[in-house]
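# Descriptive structure summary
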Amino acid sequence: MSAVQPSQKPREEEKRRIFADLTPLRTSADYRRLWFGNTVSWVGQGMTALAISLQVYDITGSAFSVGLVGLCSLVPLVVFGLYGGAIADTVDRRALGLVGATGSAVLSAGLAAAAFAGFHRVWFLYAIVALQAVCNALNSPARSAMIPRLIPPEQLRAANALNSMVMTFGTLVGPSLGGVIVGFAGYQTAYTIDAVAFSASLYAMWRLPSMPPERGGTEGGSSVRGKPRGRERASVLDGLRFLGTRPNLRATFVSDLFAMILAQPKALFPAVAALWFGGDARTTGLLVAAPAFGALLGGVVSGWQGRIRHHGQAILIAVAAWGLAIAAFGLSRNLWIGLLCLAAAGFADTSSMIFRNTMMQVAAPDEMRGRLQGVFIVVVAGGPRLGDFVAGSVADLTSPVVAITGGGLLCVLAVGVFALYARGFRRYDALDPTP
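Reading the values: the criteria
Residues numbered from 1 in each chain as written. Predicted model: local features only at pLDDT ≥ 70, side-chain atom pairs only at ≥ 80, totals over all residues. Heavy atoms only, no water. Phe/Tyr/Trp six-rings, centres within 6.5 Å; stacked < 30°, edge-to-face > 60°. Buried < 20%, exposed > 50% of the residue type's maximum accessible area, 1.4 Å probe, protein only. Helix = DSSP H or I, 4+ residues; strand = E, 2+ residues; numbered from the N terminus. Contact = heavy atoms within 4.5 Å. Expected span 1.5 Å × (residues − 1). Axes fitted to C-alpha atoms, helices over the stretch in contact; angles between N-to-C directions. Parallel < 35°, antiparallel > 145°, perpendicular 65-115°, else oblique. Left-handed = near helix turned anticlockwise from the far one by under 90°. Nonpolar A, V, L, I, M, F, W, Y, C, P; charged D, E, K, R; others polar. Core = buried A, V, L, I, M, F, W, Y, C linked by side-chain atoms within 4.5 Å. pLDDT = per-residue confidence, 0-100.

### Re the packing of aromatic side chains
- Under the defined criterion, the tally for this structure stands at ten aromatic pairs.
- Ring centres of Phe-119 and Trp-123 lie 6.1 Å apart, and the angle between their planes is 85°; this geometry places the pair in the edge-to-face category.
- Assessed through its relative accessible area of 33%, Phe-119 is described here as partly exposed.
- A centroid spacing of 6.2 Å and a plane angle of 90° characterise the contact between Trp-123 and Phe-124, whose relative ring orientation is edge-to-face.

### A short note on the environment of Ala-325
- Within the element layout of this structure, Ala-325 appears in helix H13 (residues 311-331).
- With a relative accessible area of 10%, Ala-325 lands in the buried category.
- Residues Ala-325 and Ala-345, 20 residues apart in the sequence, show an inter-C-alpha distance of 5.3 Å.
- Setting aside residues no more than four positions away along its own chain, Ala-325 makes contact with Cys-341, Ala-344 and Ala-345.

### Thoughts on helix H6 (residues 122-150)
- Compared with the 42 Å implied by 1.5 Å per residue over 29 residues, the 41 Å span of H6 between its first and last C-alpha is a close match.
- Counting buried residues in H6 gives 24 out of 29 residues, a clear majority hidden from the surface.

### Looking at the packing of helix H5 (residues 93-116) against H6
- Following both chains from N to C, one finds H5 and H6 inclined at 155°, their axes separated by 8 Å at the closest point. In terms of axis orientation, H5 runs roughly antiparallel to H6. Relative to H6, the crossing made by H5 is left-handed.
- Tallied by class, the residues present in the contact of H5 with H6 amount to 14 nonpolar, eight polar and three charged.

### Things to note about the side chain of Ser-144
- Relative to the assigned elements, Ser-144 resides in helix H6.
- Judged by its relative accessible area of 17%, Ser-144 is buried.
- Ignoring anything within four residues of it in the chain, the contact list for Ser-144 reads Gln-361 and Gln-373.

### Describing helix H3 (residues 29-60)
- Across its 32 residues, H3 extends 47 Å between first and last C-alpha, which sits within 8% of the 46 Å expected from 1.5 Å per residue.
- Among the residues trailing H3, Gly-61 stands out with phi positive, at a value near 65°.

### Notes on the nonpolar core
- Core analysis: the largest hydrophobic core is formed by 53 residues, its most contacted members being Leu-249, Val-272, Leu-287, Trp-322, Phe-329, Cys-411 and Phe-425.
- When contributions to this core are tallied by element, the ones reaching two or more residues are helix H9 (236-244), helix H10 (247-262), helix H11 (269-275), helix H12 (281-300), H13, helix H14 (335-363), helix H15 (366-397) and helix H16 (400-421).
- Beyond its immediate sequence surroundings of up to four residues, Leu-287 is in contact with Phe-269, Val-272, Ala-273, Phe-277, Phe-329, Leu-335, Leu-339 and Leu-342.
- By size, the runner-up hydrophobic cluster in this structure holds 23 residues, among which are Leu-34, Leu-156, Met-165 and Met-211.

### Regarding the confidence of the model for the protein
- For the protein, the mean per-residue pLDDT works out to 82, and 89% of the residues sit at or above 70.
- Contacts from residues 1-11, a stretch scored under 50 in pLDDT, to residues over four places away or in other chains number three contacts.
- Low pLDDT, under 50, characterises residues 217-232; the stretch is placed with 44 contacts to residues that sit more than four places away or in other chains.

### Focus: the packing of helix H7 (residues 156-185) against H14
- Two elements in contact, H7 and H14, have axes whose closest approach is 9 Å; the angle formed by their N-to-C orientations is 130°. Of the possible angle classes, the one that applies to H7 and H14 is oblique. Where H7 crosses over H14, the two elements pack in a sense that is right-handed. Contact residues: H7 offers Leu-156, Arg-157, Asn-160, Ala-161, Ser-164 and Met-167, while H14 offers Thr-350, Met-353, Ile-354, Phe-355, Asn-357, Thr-358, Gln-361 and Val-362.
- Counted by class, the contact of H7 with H14 contains seven nonpolar, six polar and one charged residues.

Okay, here's the thing in structure tokens:
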């Protein structure tokens, strides 16, 4: 008799439809190593990011100086993001990932050494942050472009859901853990733990097979392998031209920009925490954490997405849901209702991200995946910053209510107009992917 009774199978299948599909972790040892290494390194990065901000404030006592930390990270990430993707389409992606992870580990070790030596200089911290962004710009496109080579196409959506959980978990746990460690053991301990944590990422990369980009693979998936590209130089401009001729892939970026630029309320959280909810820094922390909590929940209960074939429609609906949730937050004056609205927005954002990443990995040929991930990094890094500027400017000219609620409704309107124009994007079928 089988160990699993027939009555148990429907329950297991129903659970899979509700919760995240763990098939990629079960079936691919290489993906499992990469996923675990990414989880540990994301937590370490979040911990170090908070520690650096705290240390800069301790040295300068200036909030402006702390704000410059983000600028030092943003500029290299945007500048080198496109080139990191081009490099990932030229060289062995495993080797590039090793270089990026090694660089990050060395930089964290440098932070720890400086802290132990009592070398507290703001310019040094800014330089480390900028170099960390360069390493991330090299490492991230390589890691993302590896995934379609490690698992079959039908598991990519599940893998992207698992990856979204990694990023959100690191965003939630890393800073909290960093604050505790800095408070009890100092900056040097936090930086040392981060340097050690990167060894997990290095181990994962080391165990992976060599993965030079392929030429001649199918555009609709990775089931047919092409020939290695060798040392042929990949051009950033060629990647942008490719994106310009692929309307469905281009639409994934355009729809995401609607949410990030028009309905990005994060910069206004300190103001609304005080004005609307009568709170303080702890209230602001709750507002920041709520979308991340919703995003993590979206990854955990992502099993239902496996039944969705029309990914373009799903992205448009998710972006519109983000806009509606942000608009509702702008009208809320009860803290818990506001947190619920932000969590719903985070849930919608994760759903959109999972489908966007899956489309980029399935509908693009292997030789272009690195450059598309580079564009993705630039959009994700630059879009929210531009959104912060728009929200802050509108709030100063009018009010936070107009900036947040108006921005959310404008996002919904933009998605609706774009849906009328992007008919091919609405009809995109995961079973017949067309870039």
